[in-house]
Every structure is written in C-alpha cells, then in structure tokens.
Amino acid sequence: MTERDAAVPALASRLDEALECQRRLLALVGQQRPAIAAGRHAQVEEIAGLIEVEVRRLASVEQARSAAAEALADALGLAATRWSVLREGLDPAEREMLAPRVQAVEAVVRDLELANAVNGQLVRQELDLVDMSVRSLAARDRNPAHRAYTAGGAVAATPASGPLMLNTAA
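So, here is what we can say about the structure in this document. Predicted model only: the values in this text are computed from it and were never measured.

### Some remarks on the nonpolar core
(1) Moving on: With 19 residues, the main nonpolar core has Leu11, Leu15, Leu72, Trp83, Leu86, Leu90 and Leu98 as its most contacted residues.
(2) Moving on: Elements that contribute at least two residues to this core include exactly α1 (3-38), α2 (41-76), α3 (83-89) and α4 (92-138).
(3) Moving on: The dominant element in this core, judged by the number of residues it contributes, is α1, at six residues.
(4) Moving on: In contact with Leu15, not counting residues within four places along its chain, are Arg65, Leu98, Arg101, Val102 and Val105.
(5) Moving on: In this structure, Ile47, Ile51, Val61 and Ala115 belong to the second largest nonpolar core, which totals 11 residues.

### Points about the packing of α1 against α2
(1) Moving on: Across the interface, α1 lies against α2 with an axial gap of 8 Å and an inter-helix angle of 160°. Here α2 runs roughly antiparallel to α1, going by the angle between their axes. Crossing geometry of α1 relative to α2 is assigned as left-handed.
(2) Moving on: Residue classes in the contact of α1 with α2 are distributed as 27 nonpolar, four polar and nine charged.

### Quick word on α1
(1) Moving on: For α1, with 36 residues, the first-to-last C-alpha span of 53 Å sits near the 52 Å given by 1.5 Å per residue.
(2) Moving on: Backbone geometry just downstream of α1 places Gly39 in the positive-phi region, at approximately 75°.

How each quantity is defined
Residues numbered from 1 in each chain as written. Predicted model: local features only at pLDDT ≥ 70, side-chain atom pairs only at ≥ 80, totals over all residues. Heavy atoms only, no water. Core = buried A, V, L, I, M, F, W, Y, C linked by side-chain atoms within 4.5 Å. Buried < 20%, exposed > 50% of the residue type's maximum accessible area, 1.4 Å probe, protein only. Helix = DSSP H or I, 4+ residues; strand = E, 2+ residues; numbered from the N terminus. Contact = heavy atoms within 4.5 Å. Axes fitted to C-alpha atoms, helices over the stretch in contact; angles between N-to-C directions. Parallel < 35°, antiparallel > 145°, perpendicular 65-115°, else oblique. Left-handed = near helix turned anticlockwise from the far one by under 90°. Nonpolar A, V, L, I, M, F, W, Y, C, P; charged D, E, K, R; others polar. Expected span 1.5 Å × (residues − 1).

Encoded structure:
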C-alpha cells in the first residue's frame, strides 16, 4: 500500500468526522434559537456550554483533517492542501470518494454560518431593546411642564406617565 493509497481514505475519514461535528453544532445552534427568542437565558447558557465543547472537539478534528490533507498533498506532490488543488491530482475513483464529503462539509458550514447570523441578530435585537429601555429610564424630562392630552384631545388631568421598562422576554 502506497502513501497515496492510505492518504485518500484517511482524508475521507477525517472529513466524515468534521461533518459529524458540524452537524452537531448546527443542531445545537438550532436548539439555541427558540431559547434566545423566548429570553430563556439559563437555557441559552447551557446550550452555549455544549456548543463550546463541540467547537473544541471540532478544532481537534480539523487538526487531524488538515494533517490528512497535507499527507495527501505530499503523496500527490502538491504544495497546497485546498480541495481545488487536491482534486486535480486525484484519479476519478479517489475524487468520487472525497468530493461528496467535501461538498457536504461546505454545505453544513454555510448552514451553520447562516444559523449563527440569525441567532446573533436575535441577540442584537434583545440588546437594542434593553439599551432603549435603559436610555428611556435614564433620560431626564427636559420639560417638566409638558402637557398631557386625552385620546379626545382635551388636556389630561394628570401628567403623562414616565418611561417604562420594556418586557424584553415577550
């Protein structure tokens, strides 16, 4: 068995491991979204801990995948380990073994990036609401002699209420 004969299945195996990790990450990020939207902070933190463990696992898998790609590049006599370079040095059967795995990893990574962006936007919206509420509470009424009106347009008997804290968990 040559180095090349061993390098292709080794890279395929590492890509399978990376795909499993990425899919677990995607599932965790998906579980986190409703918790973020509902303001269940304890659950968000719990899932964030699981995500951190999975990211560490993925870092280890990525090191092994990178080493396998380097070994394949060396066996092919190539300087680069990018798929676009590696695939040109492979025979059709080797390409057939690796290409679907590479495509699957790329697709899951894109899905994960999108899911992270959505979750990030939800967090930013909640932070914006909290910021607006705090600024409203901290703002001084510059015109204490302001007038309050009823729904019919008449002058109200009592002044308008002050700023209120918004319910960010609603």
